[in-house]
Amino acid sequence: MSKRFIKAKKPSYQRKEESLEQKLNLQRKKASMAKANPIPKSIDMMETISVAELAKKMNIKPSELIGKLMTLGVMATINQQIDSDTASILANEYGCEVHIVSLYDETIIDKVADKPEDMKHRAPVVTVMGHVDHGKTKLLDAIRKSNVIASEFGGITQHIGAYQVETPKGRITFLDTPGHEAFTKMRARGSQITDIVVLVVAANDGVMPQTEEAIDHARAAKVPIIVAINKIDLPEANPDRVKTQLSDMGLQPEEWGGQNMFFEISALQKKGIDELLDGILLSAEVLELKANHDCFAEGKIIESRIDHGRGIVSTVIVQRGTLKVGDSFVAGIFPGKVRAMFDDKGVKLTEAPPSTPVEVIGFEGMPNSGDPFEAVVDEKTARAFSDKRQELKRSEVAKTVRKVTLDNLYDTLHDGSVQELKVLIKGDVHGSVEALKGSLEKLSTSEVRLVAIRSAAGAINESDVDLASASDALIIGFNVRPTPKAKILADQEKVEIRKYNIIYKAVEEIQLAMEGMLAPEIKEQDIAQVEVRSVFKVPKIGAVAGCYVLEGTVKRNAGVRVIREGVEIYSGKINSLRRFKDDAKEVAAGFECGIGIDGYSDVKENDVLEIFEQVKVMRKLSDLKRGKN
C-alpha cells in the first residue's frame, strides 16, 4: 500500500498574514514605480489628444484615466480623442498643468540668419525640361559624355536624375526631369529647386503638351528659361517654326528683340553644346547665385529608393550649408545620420557644399520626394523633431478619417455601390511610384474607382502579398520583382503580380481591366421594318397583324415599336411569329408573316412595325469622363 502525502493546511491566522504581506508588497511595488515615473508638473498637448497618449504623457495607466472620465460622466475608450478642456480637468486631479501648444511650431527647425560676409558663390542648379522623347536625356548624355538613356526602359526617363558637370568656366548642376505626362509632380518639384530652366524642344516636332506644361512650371517658379532647339540635324527640322510657336507663348528669342536665349543644338552629333553651357553660366552670373557654406546643411530630397545591401538611399541636393559624413539630420518626418555620401558617378565624398547633388545613406525611414532635408546638432535633436513631426502627421491623418453621419449617409451608401479595383504599387524609386499612383487614380470615374491600398519603394515582399490577399488587390511592380518567398506565397494565395518597366503600359493595361468592370450599356439595335397589310382577330390570342417584311430579319421574342403616321404608339415585345400556320424563329425581307404583340391588340392596317433587339455594348472610361465634362 503506497503512502499518501497530504499537505497540511495552514492555520487561518497564517493565511491572513501572508495575504496581508502580498498586498503590502504590491503597494510598495506601485509606490516604487510611481517614484520611478512620477506624474509631471506640466505637459504639452494640442487641441485634442487620445486617452492613451494623455496617459503616456502623465505616466498613468489608461484604465485609471478612463475610470476618472467615467466619474466625470464621460464615456471614453482608450483610443478616443478628448478636447483640451477635459484633459485639463483630468490633469488637475493629479496636480498636473496642461499647456496648449501648436505642434506645427515645434516641428520647425530654427535657422540662423545669413550674414552678408558669409555668402559665397555657388554653382547654378539647372533643370532640363520638355516633352517626352525630345532629347533631354540625350542632351545630358552629350554634356556628361556618358550614356544614361541606355539604362532607361524604352528610352524614356522614369525618374529624376541629378548630375554635376565640371566645365572650364565652372560647375553646373543638372536635374533631368521626365517628359511623360504622368510625371507632372516630379517636373513641378524640379522647377521649385532650380535656378535656371533649359527647355528642350525638338526641331521636327515643335511645341507639344508637356512643353507648354514645362513653361507653366518655370513661370510659376519665376526662373529664367533658356530654350535648346534639339535635333537640328534631322532633314525635317524647322527651328524657325519652333521660335514662332514659342514667341506666341511669350518666349521671344534675343535676336528677335526678346529676353530669352535660344540655342540650336544636336545632342546626337554634339553640336552647339559648348554654346549652351556658356549661355547657362552667363545667366548664372547675372543672377549672382550665392549661399552660406558654413552653416548646418539644408536641401531637398530629389528621389528615394531601397538598395539591397545599403538600405534606404536618397538623392539630396544641398541648397545651403555644407553636408558632412557623420551629420545628424531630419528628412521629412524621419531622422538619420549620414553614414556615407556618393556623387552621381559613384565616387565617395566626405562633404557636399551648396548646389551639390549627393546620394546619402543613413535614413531610418523612406522620405518622400520633395521633402526638406535639414542637418541638426546631434542625433537626440533629430529624433526629437522627428517624433514631433510624426505626431503631427498622425493627428492630421486622424482628422481626415471619414465617419458616417446623417449628413453624409447617402454619399457613403452611394460609394458602396461603386465598383472598386484595389491595387498595391511597389517601385524602384519613390518618385516613380508617386507618378504611377497619380496616373492610375486619374482613371477613376463615378462608376469604377481605383484605390491604391499601399504605394512604396522597394521589392515586393510577403507582407505586400498578405495585404493584397486580404484586400483582394492586384500587385503592380514597377522596375521591381517579388522576393522568392513572396512569389511562392503569391502562387499559394492566387494573388496576381503584374510587372512593368514603362509607365504608360501599366496605365493602358489597368485601364482595360477597369473598363472590364463597367456594367455594359444596353442599346436598342433596329433589325427589321415591317408593314401591316391586314389584321386578323384570333380567339384566345387577340389581334394578329398580317405583315410584309420590308427590310432586315424579324426574330421571335424581339422588341417591337408600333409607328402610326410617323408617331410611336406602343413599344413592347413579339410573343408570336408565324409563316402561314407554322411557328417561325425568323422571317427575312420580302416574305409575309403573322406577328402577335404582347399586351397590345389595337394594331391597324398601314401601321409600320420597327423590330429591334437589345444589345450589350462595352463602355470605355474615356466615354464616361467625356460625358461627365
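Residues numbered from 1 in each chain as written. Predicted model: local features only at pLDDT ≥ 70, side-chain atom pairs only at ≥ 80, totals over all residues. Heavy atoms only, no water.

Participant: I would appreciate a short explanation of unusual backbone geometry in the present structure.
Facilitator: Glycine aside, negative phi is the norm for most residues, and most peptide bonds take the trans geometry. Of note in this structure, Ser355 is not a glycine but carries a positive phi near 70 degrees. Tracing the backbone shows Ser355 in the loop between strand 19 (351-352) and strand 20 (357-363). Given the relative accessible area of 1%, Ser355 is considered buried. Notably, Glu565 is not glycine yet its phi reads approximately 55 degrees, a positive angle. (Helix = DSSP H or I, 4+ residues; strand = E, 2+ residues; numbered from the N terminus. Buried < 20%, exposed > 50% of the residue type's maximum accessible area, 1.4 Å probe, protein only.)

Participant: For this particular structure, what's the right way to read the pairing of strand 21 (residues 372-376)?
Facilitator: Residues in a regular strand project their side chains so that they alternate between the two faces of the sheet. Burial analysis of strand 21 places 4 of its 5 residues in the buried class, which makes it a mostly covered element. Note: strand 13 (residues 298-307) against strand 21, 3 bridges, orientation antiparallel. Within strand 21, the position partnered with Lys300 by the bridge is Pro372. By the bridge criterion, 4 bridges tie strand 16 (residues 328-331) to strand 21 in an arrangement that is antiparallel. Pairing of Ala331 across the sheet is with Phe373, part of strand 21. (Pairing = 2+ DSSP bridges.)

Participant: Would you explain the nonpolar core in this entry?
Facilitator: In a soluble, globular protein the nonpolar side chains are often hidden away together inside. Core analysis: the largest hydrophobic core is formed by 26 residues, its most contacted members being Leu139, Phe174, Ile226 and Ile280. Every element with two or more residues in this core is listed here: strand 6 (125-130), helix 6 (136-144), strand 7 (161-167), strand 8 (170-176), strand 9 (196-202), strand 10 (225-230) and helix 10 (273-287). Broken down by element, this core gets its largest block of residues, 6 residues, from helix 10. When sequence neighbours within four positions are dropped, the list of residues in contact with Ile280 reads Val126, Ile172, Phe174, Ile196, Val198 and Ile226. Residues Ile574, Ile597, Val603 and Ile611 belong to the second largest nonpolar core, which totals 22 residues. (Core = buried A, V, L, I, M, F, W, Y, C linked by side-chain atoms within 4.5 Å. Contact = heavy atoms within 4.5 Å.)

Participant: Would you mind going over the packing of helix 3 (residues 62-71) against helix 4 (residues 84-93) with me for this structure?
Facilitator: Relative orientation and spacing of two packed helices are given, respectively, by the angle between their axes and the distance between those axes. Taken N-terminus to C-terminus, the directions of helix 3 and helix 4 make an angle of 110 degrees; their axes are 11 Å apart at the nearest point. In terms of their interaxial angle, helix 3 and helix 4 are classed as roughly perpendicular. Residues Leu65, Lys68 and Leu69 of helix 3 lie in contact with helix 4, whose contacting residues are Thr86, Leu90 and Glu93. Tallied by class, residues from the contact of helix 3 with helix 4 come to 3 nonpolar, 1 polar and 2 charged. (Axes fitted to C-alpha atoms, helices over the stretch in contact; angles between N-to-C directions. Parallel < 35°, antiparallel > 145°, perpendicular 65-115°, else oblique. Nonpolar A, V, L, I, M, F, W, Y, C, P; charged D, E, K, R; others polar.)

Participant: For this particular structure, what's the right way to read the pairing of strand 16?
Facilitator: In strand 16, alternate side chains face the same way, and those of Ser328 and Val330 on one face and Phe329 and Ala331 on the other are all buried. In this sheet, strand 17 (residues 334-342) lies alongside strand 16 in antiparallel orientation, the contact comprising 4 bridges. Paired with Phe329 across the bridge in strand 17 is Gly336. Where strand 16 folds back onto strand 17 in an antiparallel hairpin, the turn is made up of 2 residues, including Gly332, whose phi is positive at roughly 65 degrees.

Participant: Would you take a moment to explain the sheet that holds strand 23 (residues 448-457) for this structure?
Facilitator: Two modes of strand pairing occur in sheets, parallel and antiparallel, and in both the strands are linked by backbone hydrogen bonds. Within the open sheet, the 4 strands sit side by side as 23-22-24-25. Their pairing is parallel. Taken across any chain shown, the strands that pair with only one partner, and hence form the sheet edges, are strand 23 and strand 25 (497-500). Mean inter-strand twist for the sheet, computed between neighbouring axes without regard to direction, equals 25 degrees. Here strand 24 (residues 474-478) pairs with strand 25 via 4 bridges, running parallel. Looking at strand 25, one finds that Phe478 is bridged to Tyr500.

Participant: Help me understand helix 15 (residues 484-493) in this model?
Facilitator: For an α-helix, 3.6 residues make a turn, and residues three or four places apart therefore share a direction. Within helix 15, burial applies to Ala486, Leu489 and Ala490. For helix 15, the arc enclosing every buried residue in end-on projection is 105 degrees, short of the 170-degree limit, so these residues lie on one face. In helix 15, the exposed positions angled more than 90 degrees off the buried face are occupied by Pro484, Ile488 and Gln492. Following helix 15 by one or two positions, Lys494 has its phi on the positive side, about 60 degrees. (Arc of directions from axis to C-beta.)

Participant: Looking at this structure, I do not really get the side chain of Ser50. What am I missing?
Facilitator: Here Ser50 shows up in strand 2 (residues 48-50). The exposure class assigned to Ser50 is buried, which follows from its relative accessible area of 15%. A polar contact is formed between the side chain of Ser50 and the backbone nitrogen of Glu53, at a distance of 3.1 Å. If we ignore the near neighbours within four places in the chain, the residues touching Ser50 are Ile78, Asn79, Gln80 and Gln81. (Polar contact = N/O pair within 3.5 Å; in protein donor to acceptor, adjacent residues only side chain to side chain.)

Participant: Would you mind going over the pattern of salt bridges with me for this structure?
Facilitator: Opposite charge on two side chains permits pairing when their charged atoms draw close. Tallied over the full model, the rule gives 25 salt bridges. Glu93 is paired through a salt bridge with Lys68; the nearest N and O atoms lie 3.5 Å apart. With a gap of 25 residues between them, Glu93 in helix 4 and Lys68 in helix 3 connect regions that are remote in the sequence. The exposure class assigned to Lys68 is partly exposed, which follows from its relative accessible area of 28%. In this structure, the salt-bridge partner of Lys243 is Glu264, at a minimum N-O distance of 3.3 Å. In this pair, Lys243 sits in helix 9 (residues 239-248) while Glu264 sits in strand 11 (residues 262-264), placing the two residues 21 residues apart along the sequence. When salt bridges that share partners are traced, they join Glu524, Asp526, Arg561 and Glu610 into one network. (Salt bridge = Lys/Arg side-chain N within 4 Å of Asp/Glu carboxyl O.)

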